[in-house]
Amino acid sequence: MITLYDIVGKPPIKCWSSNPWKARYVLNYKKLPYRSVYLDYEKVGSTVREAGVPPSRFKPDGSLVHTSPSIIDDATRAKVTDSYIIAEYLDKQYPDTPKVFPPGTEALQAAFYQHFNDRFAEAALLLVPCIPKILVKESTLEYFNGNMLAILGKPVDQLKPVGEELEKLWGRLFALFDAMDGWYGKSSGPFLVGDQPSFGDLTVAASLMGMKILFGEDSDDWKKVSAANRGRWSKLLSDLEAYASVGN
């Protein structure tokens, strides 16, 4: 059995963060048995560290960062963190399951993943102010607010730009969507490399799922995203709906 460490949301939402969604999509697509351990935001680092999962990165001061998603594979005793590395591990360890890195696409997947993540991060301030409403406990909210103040230098409720700056943020996000729309348009199928999903598609879907949950399905912001590029992104979510299970 594989254990997936995820970040819990306020009921009925179980998971909301796009990074754990990437690992969840991969596990579901490969039909690997797993269980989810849902952690409060402020408990992720300590719980994952105590479980023996290696850090995902180092802070500038040299301290270790432990994050979600992380997995523990009981079959191999492997402890793996970072959604991309998790996907690589699962493809290698379970070669008889559908591959998320189809042979010959590895370099394409790496380049796409880096470009998408870098560009999508530029729009993060559209999403960060939405996170407090999804957190479960008051202590979690206090921790999150303090963490964002330390990282970004402003209280969360002052982070979202307004006016021209807000329009620029949306412009950068839609520029990314436009570029991806062109790439998808050159594929022979509905996905990046044809008729079968790959890690690039699951990465995009995970980010879209995070936006859908944080914005709210009925919000004007989500409606703008889902209507972009002739509805391509809402269709991608629909095409991958079978792998969006949170029942584990």
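See the structure shown above.
As the structure is a prediction and not an experimental result, all values here were calculated from the model. (Residues numbered from 1 in each chain as written. Predicted model: local features only at pLDDT ≥ 70, side-chain atom pairs only at ≥ 80, totals over all residues. Heavy atoms only, no water.)

1. Examining the nonpolar core
Membership of the largest hydrophobic core comes to 78 residues, with the highest contact counts inside it found for Tyr 25, Leu 208 and Met 211. Here the element with the most residues in this core is helix H7 (residues 199-215); it accounts for 11 residues. Discounting residues that sit within four places of it in the chain, Leu 208 has contacts with Phe 177, Trp 222, Val 225, Trp 233, Leu 236 and Leu 237. (Core = buried A, V, L, I, M, F, W, Y, C linked by side-chain atoms within 4.5 Å. Buried < 20%, exposed > 50% of the residue type's maximum accessible area, 1.4 Å probe, protein only. Helix = DSSP H or I, 4+ residues; strand = E, 2+ residues; numbered from the N terminus. Contact = heavy atoms within 4.5 Å.)

2. A few points about the side chain of Thr 97
Among the secondary structure elements, Thr 97 is positioned in the loop between helix H3 (83-93) and helix H4 (106-121). For Thr 97, a relative accessible area of 17% gives the class buried. In this structure the side chain of Thr 97 is engaged in a polar contact, spanning 3.0 Å, whose partner is the side chain of Lys 30. Each residue touching Thr 97, except ones within four places of it in the same chain, is listed here: Lys 30 and Leu 32. (Polar contact = N/O pair within 3.5 Å; in protein donor to acceptor, adjacent residues only side chain to side chain.)

3. Some details on the packing of helix H6 (residues 163-185) against helix H8 (residues 220-239)
Viewed as axis vectors pointing N to C, H6 and H8 meet at an angle of 10°, and their least axial separation amounts to 10 Å. By the angle class used here, H6 and H8 are roughly parallel. Taken together, the residues of H8 that come into contact with H6 (itself represented by Trp 170, Phe 174, Phe 177, Asp 178, Met 180, Asp 181, Tyr 184 and Gly 185) are Asp 221, Lys 224, Val 225, Ala 228, Asn 229, Arg 230, Arg 232, Trp 233 and Leu 236. Residues that form the contact of H6 with H8 fall into these classes: nine nonpolar, two polar and six charged. (Axes fitted to C-alpha atoms, helices over the stretch in contact; angles between N-to-C directions. Parallel < 35°, antiparallel > 145°, perpendicular 65-115°, else oblique. Nonpolar A, V, L, I, M, F, W, Y, C, P; charged D, E, K, R; others polar.)

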